[in-house]
Amino acid sequence: MACPSGCLNGGEQVRSQSNLTAKKLTVELEKYSSLPCKNPSDNEAVKELYEEWLVGSNSEKAANILHTNYHAVEKFTNASNLK
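Notes on the structure in this doc start here. Note that this is a predicted model, so its numbers are computed, not measured.

1. Section: the overall build of the protein
Each helix and strand counted, the protein has three helices and zero strands in total. Within the span of the protein, comprising 83 residues, buried residues form 7% of the whole. Approximately 8,400 Å² of the protein is accessible, and the part contributed by carbon and sulfur atoms is 54%.

Dropping the structure here:
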C-alpha cells in the first residue's frame, strides 16, 4: 500500500477489460482459487537458478535480489499541505 492510510482501489488492482461490474469480476476471479498449486522448490529449474546463479537459497545475493525491506513513511505536516 503506497497510501499512508491504504487505498481501497489502488493502482495495482485488477480492472475489468470488458463491461463487468465489480461483483461479476470478483466471481470471475474466484475461479483462479481452484487452480492447483505447486511448490517452487520442487521445480528443477528453480533449484538450478538458486544453486548456479544465486549461490544458494540463503546467500546474500539471493537476499539482495529477491527480497525487499519496508519502512514507515513519515507524514509531512507543514502549512503547504494543510486543508
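2. Examining the pattern of salt bridges
Applying the stated rule across the entire model yields two salt bridges. Residue Glu-28 is joined to Lys-31 by a salt bridge in which the shortest nitrogen-to-oxygen separation is 3.1 Å.

3. Examining helix 2 (residues 44–53)
Sitting at the head of helix 2, Asn-43 places a side-chain oxygen 2.7 Å from the backbone nitrogen of Ala-45. With its phi angle positive at about 55°, Val-55 sits one or two positions after the end of helix 2.

4. A closer look at a nonpolar patch on the surface
Residues Val-14, Leu-29, Tyr-32 and Leu-35 make up a contiguous nonpolar surface patch of roughly 410 Å² in combined accessible area. Take Tyr-32: its relative accessible area is 57%, and that puts it in the exposed class.

5. Brief notes about the environment of Lys-61
By the element assignment, Lys-61 lies in helix 3 (residues 60–66). Sequence separation between Lys-61 and Tyr-50 is 11 residues; the distance between their C-alpha atoms is 9.9 Å. Discounting chain neighbours no more than four positions away, the residues touching Lys-61 are Trp-53 and Leu-54. Within the local environment of Lys-61, its side chain forms a polar contact with the backbone oxygen of Trp-53, the two atoms lying 2.9 Å apart.

Cut-offs applied
Residues numbered from 1 in each chain as written. Predicted model: local features only at pLDDT ≥ 70, side-chain atom pairs only at ≥ 80, totals over all residues. Heavy atoms only, no water. Helix = DSSP H or I, 4+ residues; strand = E, 2+ residues; numbered from the N terminus. Buried < 20%, exposed > 50% of the residue type's maximum accessible area, 1.4 Å probe, protein only. Areas by Shrake-Rupley, 256 points an atom, 1.4 Å probe, with all protein chains shown as cover. Salt bridge = Lys/Arg side-chain N within 4 Å of Asp/Glu carboxyl O. Polar contact = N/O pair within 3.5 Å; in protein donor to acceptor, adjacent residues only side chain to side chain. Patch = residues over 30% accessible without salt bridge, like charges linked within 9 Å, V, L, I, M, F, W, Y side chains within 5 Å. Contact = heavy atoms within 4.5 Å.

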